[in-house]
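Chain by chain, the residues run as shown.
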Amino acid sequence: MSEAAEMEWQKRAVCYLETSDAPEMWTSDRRPHGLLRKELQRMCARCPVRARCAGEAVFRDEESGTYAGVYLPQNIAANVGRRAAAMEELRVIAGLPSARDDVVHLGVSA
Ligand code: SF4
């Protein structure tokens, strides 16, 4: 599948259709505050590609930003726990198994 075809789903995204002139709203290194966070969550809640967005964020190990209504903190030591929790939330939205299940499937006990 071509990269253009793989990205076709993004053209149906609420963020693309309604805020493509302000991508920084979605990619901040800092958790959005109050009203902005709630507005981003509302937009994601009505987005038709929310599950795909969450799955892509997990598979691509995305940088910080809001994906599927979940704020994913930067991948730095200070954020290990919060980032892992956000990744788990994204996995649930995407319908993916827990990362903890991956470890169990490998025969490693957590
Ligand atoms: S669910 Fe993902 S693709 Fe849809 S509006 Fe939210 S960030 Fe954008």
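These notes cover the structure that comes with them. No experiment lies behind these values; they were computed from the predicted model shown.

**Comments concerning the overall build of the chain**
- Of regular secondary structure, the chain possesses six helices and two strands.
- Whereas a compact globule of 110 residues would reach a radius of gyration of roughly 13 Å, the chain reaches 15 Å, a difference of no more than 12%.
- Principal-axis analysis of the C-alpha atoms gives the chain an extent of 45 × 35 × 20 Å.
- A burial count over the chain gives 34% of its 110 residues as buried.
- Summarising the internal contacts of the chain: among those between residues at least 6 apart in sequence, 49% fall at separations of at least 24.
- A total accessible area of about 7,300 Å² is found for the chain, and carbon and sulfur atoms account for 55% of it.

**A look at the site of the ligand**
- Neighbouring the ligand are Ala13, Val14, Cys15, Trp26, Cys44, Cys47, Arg50, Cys53, Thr66 and Ala68.
- Of all the elements in the fold, those that place two or more residues in the shell around the ligand are helix 2 (14-19) and helix 4 (50-59).
- Tallied by class, residues from the shell around the ligand come to eight nonpolar, one polar and one charged.

**So, unusual backbone geometry**
- Look at aspartate 61: it is not a glycine, yet its phi comes out positive at around 50°.
- With respect to the element layout, aspartate 61 can be found in the loop between helix 4 and strand 1 (65-67).
- You will see that alanine 68, though not glycine, has its phi angle at about 55°, which is positive.
- Its place among the elements puts alanine 68 in the loop between strand 1 and strand 2 (70-72).

What counts, and at which threshold
Residues numbered from 1 in each chain as written. Predicted model: local features only at pLDDT ≥ 70, side-chain atom pairs only at ≥ 80, totals over all residues. Heavy atoms only, no water. Helix = DSSP H or I, 4+ residues; strand = E, 2+ residues; numbered from the N terminus. Rg over C-alpha atoms; globule rule 2.2 N^0.38 Å. Buried < 20%, exposed > 50% of the residue type's maximum accessible area, 1.4 Å probe, protein only. Contact = heavy atoms within 4.5 Å. Areas by Shrake-Rupley, 256 points an atom, 1.4 Å probe, with all protein chains shown as cover. Near = heavy atom within 4 Å. Nonpolar A, V, L, I, M, F, W, Y, C, P; charged D, E, K, R; others polar.

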